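# Topology and contacts: notes
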Amino acid sequence: MKAIRVYETGGPEKMLYEDLPIPSPGPGQALVKIHSIGLNFIDVYFRTGLYKSPLPFTPGMEAAGTVEAVGENVTLVRPGDRVAYAGVIGAYSEYSLVSAAQLVLVPGNVHFDLAAAVMLQGLTAHYLTHSTFPLSKGETVLLHAAAGGVGLLLIQIAKKIGARVVGTVSTEEKAALASNAGADHIILYARDDFEQEVKRITGGAGVDVVYDSVGKTTFEKSLNCLKRRGMMVLFGQSSGPVPPMEPGTLNAKGSLYLTRPGLAHYTANRDELMWRAGDLFQWISEKSLSIRVDRTYPLKAAAQAHQALESRQTAGKVLIQP
Ligand SMILES: NC(=O)c1ccc[n+]([C@@H]2O[C@H](COP(=O)([O-])OP(=O)(O)OC[C@H]3O[C@@H](n4cnc5c(N)ncnc54)[C@H](OP(=O)(O)O)[C@@H]3O)[C@@H](O)[C@H]2O)c1
């Protein structure tokens, strides 16, 4: 089978397109023939070494495909089942081994591309809005990178709940996409001071929650956008990691809450995974959640996919085709 391998961490050129034997599923595992792979920013963190994986490794944390074979003691899926998963490394490949407990069945009316596009970023948007800071109608959200993969999904889910969404984006094109997804206010944060804009939009009150995945360049000002006892949800670092901070800062800025959540801890048991994935597939089926696939690259061009994501060219989802 063809797969991408990383022998040493670094730039996109460290991803090599190679031949590997098709693996056999062990106990509890399924072998998935991959039809569509989702690109995520976490793939960049693993490639650069910001997140650690033993070397060599095959990158990729999300895919959809067909169960080809199962190991001993697997009862949740059978060969031929249409499945999708997120959070298991090794998806940049024609086949991948996945623990059966991490697979969800894809409804017959949902294309593999949409399933691969919605798992990781959709599960993330779900847990952020339903569990980390369970949003209520009328609350105001500040969401950075609002036209990104997570961003466009989170806008739509927040609007379903009835929250008001203030989104930041870098370009007019991305502003139009975030508005179409339902954002109430858009700030061009590469041009305008988003802290001042948020204060203007909220009449000085501030927002209930900030969902910040940009990190280094937005974190400090984001704290200033919160109302008293508001919550700062730092869930990524697309611009680089946030430096250490004094806990006293949270007190000084209004008894704020700070959390740094990760998807694995919000899908740690199967009930939670099935709840979140079930909601996403339901919304896709009833067409109340739309997924924007920005572009698709062949597996051997995975390096180009990374370059596009890292250089802020993409909006919505990028797929990779084995
Ligand atoms: N904690 C979790 O559970 C979890 C799960 C999924 C994703 N995440 C995080 O969520 C974030 C979004 O992930 P995604 O896959 O959906 O990516 P994405 O939002 O589609 O892409 C990243 C976006 O971040 C913005 N950005 C701002 N400064 C940047 C910089 N210096 N370099 C690159 N991008 C910059 C860009 O939007 P503009 O051009 O509009 O600025 C860019 O398009 C990532 O930080 C990821 O790690 C976290």
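To be clear, the structure that these remarks concern was listed above.
Predicted model only: the values in this text are computed from it and were never measured.

### Brief notes about the site of the ligand
Inspection of the region around the ligand gives 30 residues, with Tyr127, Ser170, Lys174, Tyr189 and Arg312 positioned closest. Note that a nitrogen atom of the ligand is positioned 3.0 Å from one of the backbone N or O atoms of proline 261. The separation between an oxygen atom of the ligand and a polar side-chain atom of arginine 312 is 2.7 Å. Coverage of the ligand by the protein amounts to 92% of the 920 Å² it exposes when considered alone. Contributions of two or more residues to the shell around the ligand are made by helix H1 (41-48), helix H2 (112-132), helix H3 (149-161) and helix H9 (302-310). Considering every element that reaches the shell around the ligand, the biggest residue donor is H2, with 4 residues. Here the shell around the ligand is composed, by residue class, of 13 nonpolar, 13 polar and 4 charged.

### Remarks on the pattern of salt bridges
Scanning the entire structure with this criterion turns up 14 salt bridges. Note that arginine 200 is salt-bridged to glutamate 197, the shortest N-O span being 2.8 Å. Here arginine 200 pairs with glutamate 197, and both are found in helix H5 (residues 194-201), just 3 residues apart, close to one helical turn. Under the relative-accessibility criterion, glutamate 197 is labelled partly exposed at 21%. A salt bridge links arginine 295 to aspartate 294; the shortest N-O distance between them is 2.6 Å. Assessed through its relative accessible area of 25%, arginine 295 is described here as partly exposed. Residue aspartate 294 is classed as partly exposed on the basis of its relative accessible area of 22%. Among the charged side chains, a network of salt bridges with common partners joins Glu172, Arg191 and Asp192.

### Examining H3
When the terminal C-alpha atoms of H3 are compared, their 19 Å separation across 13 residues agrees well with the 18 Å that a helix rising 1.5 Å per residue should span. For H3, the tally of buried residues reaches 10 of 13 residues, placing the bulk of the element in the interior. Packed against the buried residues of H3 are H2, strand S8 (140-143), strand S9 (164-169), helix H4 (172-181), strand S11 (207-212) and helix H8 (270-285). Positive backbone phi, approximately 100°, marks glycine 162, located one or two places after H3.

Reading the values: the criteria
Residues numbered from 1 in each chain as written. Predicted model: local features only at pLDDT ≥ 70, side-chain atom pairs only at ≥ 80, totals over all residues. Heavy atoms only, no water. Near = heavy atom within 4 Å. Polar contact = N/O pair within 3.5 Å; in protein donor to acceptor, adjacent residues only side chain to side chain. Areas by Shrake-Rupley, 256 points an atom, 1.4 Å probe, with all protein chains shown as cover. Helix = DSSP H or I, 4+ residues; strand = E, 2+ residues; numbered from the N terminus. Nonpolar A, V, L, I, M, F, W, Y, C, P; charged D, E, K, R; others polar. Salt bridge = Lys/Arg side-chain N within 4 Å of Asp/Glu carboxyl O. Buried < 20%, exposed > 50% of the residue type's maximum accessible area, 1.4 Å probe, protein only. Expected span 1.5 Å × (residues − 1). Contact = heavy atoms within 4.5 Å.

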